[in-house]
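Chain by chain, the residues run as shown.
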Number of protein chains: 2
Amino acid sequence: MEAVGNLSRKEQVIRSAAALFREKGYAASSMRDLAQKLGIEAASLYSHIKSKEEILQHLCFDMAAEFRKSLAEVEKKEVTASEKLRLGIIGHIQVMAKDLTASAVFMNEHRHLSQPFLRDFLLLRINYINRFKAIIEEGARVGEFKDSIDKKLAVMTLFSSLNWMPMWYDPSSKIDPTQLGHQLADMLVNGLKKV
Amino acid sequence: MEAVGNLSRKEQVIRSAAALFREKGYAASSMRDLAQKLGIEAASLYSHIKSKEEILQHLCFDMAAEFRKSLAEVEKKEVTASEKLRLGIIGHIQVMAKDLTASAVFMNEHRHLSQPFLRDFLLLRINYINRFKAIIEEGARVGEFKDSIDKKLAVMTLFSSLNWMPMWYDPSSKIDPTQLGHQLADMLVNGLKKV
DNA sequence: TAATTAATTAAATTAGCCTTCGATTTCGTC
DNA sequence: GACGAAATCGAAGGCTAATTTAATTAATTA
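Because the structure is a prediction, the values reported are computed rather than measured.

## Considering the overall build of chain A
Here is step 1: Of the regular secondary structure elements, chain A holds 10 helices and zero strands.
Here is step 2: Each helix (α) and strand (β) of chain A, taken in turn from the N terminus, gives the series α-α-α-α-α-α-α-α-α-α.
Here is step 3: A principal-axis box enclosing the C-alpha atoms of chain A has dimensions of 60 × 40 × 30 Å.
Here is step 4: When the 195 residues of chain A are sorted by exposure, 35% land in the buried category.
Here is step 5: Contacts in chain A between residues far apart in sequence, at least 24 positions, make up 71% of those at least 6 positions apart.

## Brief notes about the interface of chain B and chain A
Here is step 1: Each side of the interface is counted separately: chain B has 33 residues, and chain A has 32 residues.
Here is step 2: Those elements giving two or more residues to the side of chain B that touches chain A turn out to be helix H8 (151-163) and helix H10 (177-190) of chain B.
Here is step 3: Residue contributions to the side of chain B that touches chain A peak at eight residues, all from H10 of chain B.
Here is step 4: Of the residues belonging to the side of chain B that touches chain A, the class tally is 16 nonpolar, 10 polar and seven charged.

## As for the protein's contact with DNA strand C
Here is step 1: Near DNA strand C there are 18 residues, and of these Ile 40, Ala 43 and Ser 47 of chain A together with Ser 30 and Ser 51 of chain B occur at the shortest range.
Here is step 2: Of all elements in the fold, only helix H1 (3-24) and helix H3 (42-45) of chain A together with helix H2 (31-38), helix H3 (42-45) and helix H4 (52-76) of chain B reach the threshold of two or more residues within the surface near DNA strand C.
Here is step 3: Residue contributions to the surface near DNA strand C peak at three residues, all from H1 of chain A.
Here is step 4: Of the residues contributing to the surface near DNA strand C, the split by class is seven nonpolar, six polar and five charged.

## Some words on the packing of helix H5 (residues 81-98) of chain A against helix H10 (residues 177-190) of chain A
Residue and element names in this part refer to chain A.
Here is step 1: The N-to-C vectors of H5 and H10 enclose an angle of 140°; their axes lie 8 Å apart at closest approach. For the element pair H5 / H10, the angle class is oblique. Along this stretch, H5 crosses H10, giving a crossing that reads as right-handed. Contacts between H5 and H10 pair Ser 82, Leu 85, Arg 86, Ile 89, Ile 90, Ile 93, Gln 94 and Ala 97 from the former with Pro 177, Thr 178, Leu 180, Gly 181, His 182, Leu 184, Ala 185, Leu 188 and Val 189 from the latter.

## Comments concerning the confidence of the model for chain A
Here is step 1: Looking at chain A as a whole, its pLDDT mean stands at 92, while 95% of the residues score no less than 70.
Here is step 2: In this model residues 1-6 of chain A is a low-confidence stretch, pLDDT under 50, and it forms one contact with partners more than four residues away in sequence or in other chains.

## A short note on the relation of the copies chain B and chain A
Here is step 1: Of the two same-sequence chains, chain B is brought onto chain A (RMSD 0.0 Å, axial shift 0.0 Å) by a rotation of 180°. A rotation of that kind, with that shift, is consistent with a two-fold axis. Within chain B, Gly 191 of chain B has its C-alpha nearest the rotation axis, a separation of 1.8 Å.
Here is step 2: Both copies present the same face, since 97% of the interface residues in chain B are matched by interface residues at the equivalent positions in chain A.

## So, H4 of chain B
Here is step 1: The terminal C-alpha atoms of H4 of chain B, which comprises 25 residues, lie 38 Å apart, in line with the 36 Å expected from a rise of 1.5 Å per residue.
Here is step 2: Among the residues of H4 of chain B, Ile 55, Leu 56, Leu 59, Cys 60, Met 63, Glu 66, Ser 70, Leu 71 and Val 74 of chain B are the ones counted as buried.

## Some words on the packing of helix H5 (residues 81-98) of chain B against helix H7 (residues 117-141) of chain B
Each pair of packed helices can be summarised by the angle the axes make with each other and by the distance between the axes.
Residues and elements named next belong to chain B.
Here is step 1: The interhelical angle for the contact between H5 and H7, taken along N-to-C directions, is 155°, at an axis separation of 8 Å. By the angle between their directions, the pair H5 and H7 is classed as roughly antiparallel. Judged by the sense of rotation from one axis to the other, the crossing of H5 with H7 is left-handed. Of the residues in H7, those in contact with Ala 81, Ser 82, Lys 84, Leu 85 and Gly 88 of H5 are Phe 132, Ile 135, Ile 136, Glu 138 and Gly 139.
Here is step 2: Considered class by class, the residues forming the contact of H5 with H7 number five nonpolar, three polar and two charged.

## Some remarks on the environment of Ala 42 of chain B
All names here are of chain B.
Here is step 1: For Ala 42, the position within the fold is in helix H3.
Here is step 2: Measuring from C-alpha to C-alpha, the distance between Ala 42 and Ser 30 comes to 9.0 Å, with 12 residues separating the pair along the chain.
Here is step 3: If near-sequence neighbours (up to four positions away) are discounted, Ala 42 is found in contact with Met 31, Arg 32 and Ala 35.

## Some details on H8 of chain B
All names here are of chain B.
Here is step 1: With 13 residues, H8 ought to run about 18 Å at 1.5 Å a step, and its terminal C-alpha atoms sit 18 Å apart, in line with that.
Here is step 2: Here H8 lies mainly inside the structure; 10 of its 13 residues are buried.
Here is step 3: Turning to H8, its buried residues are Leu 153, Ala 154, Val 155, Met 156, Thr 157, Leu 158, Phe 159, Ser 160, Ser 161 and Leu 162.

## Details of the environment of Trp 164 of chain A
Here is step 1: With respect to the secondary-structure elements, Trp 164 of chain A resides in the loop between helix H8 (151-163) and helix H9 (165-168).
Here is step 2: Owing to 20 C-beta atoms within 10 Å, Trp 164 of chain A belongs among the buried residues under this scheme.
Here is step 3: Distance in space between the C-alpha atoms of Trp 164 of chain A and Ser 103 of chain A is 9.4 Å, their sequence separation being 61 residues.
Here is step 4: Here Trp 164 of chain A is in contact with Met 156 and Ser 160 of chain B, once residues within four sequence places are set aside.

Here is what the cut-offs are and how they apply
Residues numbered from 1 in each chain as written. Chains lettered and ligands numbered in written order. Predicted model: local features only at pLDDT ≥ 70, side-chain atom pairs only at ≥ 80, totals over all residues. Helix = DSSP H or I, 4+ residues; strand = E, 2+ residues; numbered from the N terminus. Buried ≥ 20, exposed ≤ 12 C-beta atoms within 10 Å, placed from the backbone. Contact = placed C-beta atoms within 7 Å. Nonpolar A, V, L, I, M, F, W, Y, C, P; charged D, E, K, R; others polar. Near = placed C-beta within 6 Å. Axes fitted to C-alpha atoms, helices over the stretch in contact; angles between N-to-C directions. Parallel < 35°, antiparallel > 145°, perpendicular 65-115°, else oblique. Left-handed = near helix turned anticlockwise from the far one by under 90°. pLDDT = per-residue confidence, 0-100. Least-squares fit on C-alpha atoms with pLDDT ≥ 70 in both. Expected span 1.5 Å × (residues − 1).

Below you can see the structure in the form of structure tokens.
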């Protein structure tokens, strides 16, 4: 079987694992559970992946790459800080919406990465967060955003809101991911209160 | 040794477990790890607690009770919806700030409860969320809040922001929990944008 | 068809898990 | 100092975990 088929089976393993990890958590998910989902024996998994953790690494770092790509696109644009923040939020939501399962694992299970992967992952994350923080700080400097709100609190509140989306968003609902991104951006930037 | 001493030792076990569960997750935390933290053998733990899960039950349901108590106080007050929401947010933050470790476990590890505890826990949570949702809906009805934002999205964004606080808040920082609650309420109700 | 490669498996390895049990130590009180 | 209760321990039971190995089956290619 050629490389494509190999990848395809490996992808199946990783996608099934994502669903399992999301449901039960990484540590509580066994390779037997995973094998059963695919209708094979646990030992067979090791023809496709090197270890349980390799699966987690794939899920975490592939998502991280998507987020970075999305943010880099936004940073290129020459728009106001408010608009940049809006676009960043919408991009983040769209990346997550493309794979809600992997997003949930990315967010909740990355801590089970071993070193040095965990360190690398956290460095990527802090970099990503800081680039959003820079947008907020820029907005505050030019007077678009309030200066009264602590910047760390602002960016952490933002990420909390974004990152929990996979926990409650129903992709079959009336509101599509782009609308969701718009509404989220509206709520976080303009608030709940009527003007 | 009298009951007080017994409780005290049990509390030690539960508090150590909370720190462990927070750090490594429930499933990845072993009773040996926990015993080692306390300087005893794993078998000795069972003089104080019935099982590993009993510890998790304590942590989850004790926190849940605190949240309910706080919200019930707020609901009694006769104030505008905005104000009620503000008070609810501040109360929620204050309850979490009293025990950030237990809060983190409450939020991230409750899914490892077995039945029927998991079901009971989720019922408590959905009830709590719905009572906040009712405040937001009331605010929208009387024209204090925008009607354009989806109510489920609003309340979930709110809870995401609140519930992730234990992940990043540094209790030794300049900003104290009450200030934090005020700023969070301000950001969520009024938004980031300068008026 | 024969040769090669991929996919799967059963069995074994090694290690860890939670929990129980009986015996022992610690400790406050008489 | 002796007694009884609480706390702790060592050892073991019973299970489940991830992974490796060697053998087998299926699929592809030449």
